[in-house]
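A look at the structure
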Amino acid sequence: MDIKRFIDVALTLPKEDSILVTGDHGIGKSQCVYQIAKKLGLPVIERRLSQQSEGELIGLPFKNEKNGSTGFYPPDWFMECTKKPYVLFLDEINRATPEVQQASFEIVLDRRLNGHNLHQDCRVFAAINTGTSYQVNQMDPALLDRFYVVELLPSVEDWISWAKKDGDILPTVVDFIQQHPRHLEHKGTMEPQKVYPSRRSWDKLSRALKQSKVLDDPTKEKFYSICIGYIGAEGALQFHDFVKNHDKQFTAEDILNNWS
């Protein structure tokens, strides 16, 4: 599903249904969740479950001095979600330990944790990277069928639209991707430790070029050195040549409407 359709669908689903976004890395899964939250007018609380322990998710135990029973103090971020509506975003759920995945069942399915219920207007989202290129744990089918599951397959036009409107990407970068869309992201086998372009890496490169101010003089060695670290050698060479000749390029509209 492309990004525009997914956002439209997500906004119409019942708020009590948790949504799982699947797909390759760097394609904009997190960005989609934040865009949906913005349209809903809700802040986001994000938790990367790959970095959580079972205790951090469930909370700390305590003893009730009145009756001798025990319970758990929920973590602060979850208690926030019980008081006010948020988009609760559980990222990298398939990189979490099996114990943390099991502990997330109650949040995803029952919208509660240790007797504390999420606010009725909270939305729950999760995201995972899929494919054989990632070191991930297989998701239990019993957990998977608790979600509305979408496989995100964004188009080049999705990224260009986002880059122009919300991404604040350099116009030179957008122009390059429009003319050379195959460089937006790598398709096929990836060699270990080799840098490849992705939608996320073009965003990072754009911000780096803005800060370094080397775009004014792409002939400097620093320009190519910055590019290769974000998008790899092949993409850096193509983009370097494109930027050096960017001011010399013109379109059919230029010829027809601005002949002089």
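Structure report, in brief. Just so we're clear, the structure is a prediction, and the values are computed from it rather than from any experiment.

A few words on the overall build of the protein chain. Looking only at helices and strands, the protein chain features 11 helices and 9 strands. Residue burial in the protein chain is summarised as follows: out of 260 residues, 42% are buried. Accessible surface for the protein chain amounts to roughly 14900 Å². Of this, 49% is attributable to carbon and sulfur atoms. Averaging the locations of the 32 positively and 36 negatively charged side chains of the protein chain gives two centres separated by 3 Å.

Glancing now at helix α2 (residues 29-40). Compared with an ideal rise of 1.5 Å per residue, which puts 12 residues at 16 Å, α2 spans 17 Å between its outermost C-alpha atoms and is within 8% of the ideal. Every buried residue of α2 is accounted for by K29, C32, V33, Q35, I36 and A37. Residues of α2 that are buried make contact with α1 (3-12), β1 (18-23), β2 (44-48), β5 (87-91), β8 (123-129) and α7 (156-165). Looking one or two residues past α2, G41 carries a phi angle of roughly 75 degrees, positive in sign.

This part covers the packing of aromatic side chains. Taken as a whole and judged by the stated rule, the model has 7 aromatic pairs. On the numbers, 6.3 Å between centres and 50 degrees between planes, the contact of W159 with W162 is tilted. With W159 and W162 both in helix α7 and 3 residues apart, the pair spans about one turn of that helix. The interplanar angle of 70 degrees and the centroid separation of 5.2 Å between the aromatic rings of F176 and F239 together place this pair among those described as edge-to-face. With a gap of 63 residues between them, F176 in helix α8 (residues 171-179) and F239 in helix α10 (residues 221-244) connect regions that are remote in the sequence. What makes F176 buried here is its relative accessible area of 0%. An aromatic cluster of at least three residues, connected via ring pairs, comprises F176, W202, F223, F239 and F242.

Bringing the environment of I19 into the picture now. Its place among the elements puts I19 in strand β1. Judged by relative accessible area, I19 falls into the buried class, the value being 3%. The spacing of I19 and V108 is 89 residues in sequence and 8.9 Å in space, taken between C-alpha atoms. In this view, I19 contacts F6, A10, L13, V124, F125, A126, F147 and Y148; residues no more than four positions away in its chain are not counted.

Here the focus is helix α9 (residues 199-212). Its 14 residues place the ends of α9 20 Å apart at the C-alpha level, agreeing with the 20 Å of an ideal helix rising 1.5 Å per residue. Along α9, the positions that sit buried rather than exposed are R199, S201, W202, D203, L205, S206, A208 and L209. Elements that come into contact with the buried residues of α9 comprise α7, α8 and α10. Immediately downstream of α9, the backbone of K213 shows phi near 60 degrees, a positive value.

The rules we used
- Residues numbered from 1 in each chain as written.
- Predicted model: local features only at pLDDT ≥ 70, side-chain atom pairs only at ≥ 80, totals over all residues.
- Heavy atoms only, no water.
- Helix = DSSP H or I, 4+ residues; strand = E, 2+ residues; numbered from the N terminus.
- Buried < 20%, exposed > 50% of the residue type's maximum accessible area, 1.4 Å probe, protein only.
- Areas by Shrake-Rupley, 256 points an atom, 1.4 Å probe, with all protein chains shown as cover.
- Lys, Arg positive; Asp, Glu negative; His and termini not counted.
- Charge placed at Lys NZ, Arg CZ, Asp CG, Glu CD.
- Expected span 1.5 Å × (residues − 1).
- Contact = heavy atoms within 4.5 Å.
- Phe/Tyr/Trp six-rings, centres within 6.5 Å; stacked < 30°, edge-to-face > 60°.

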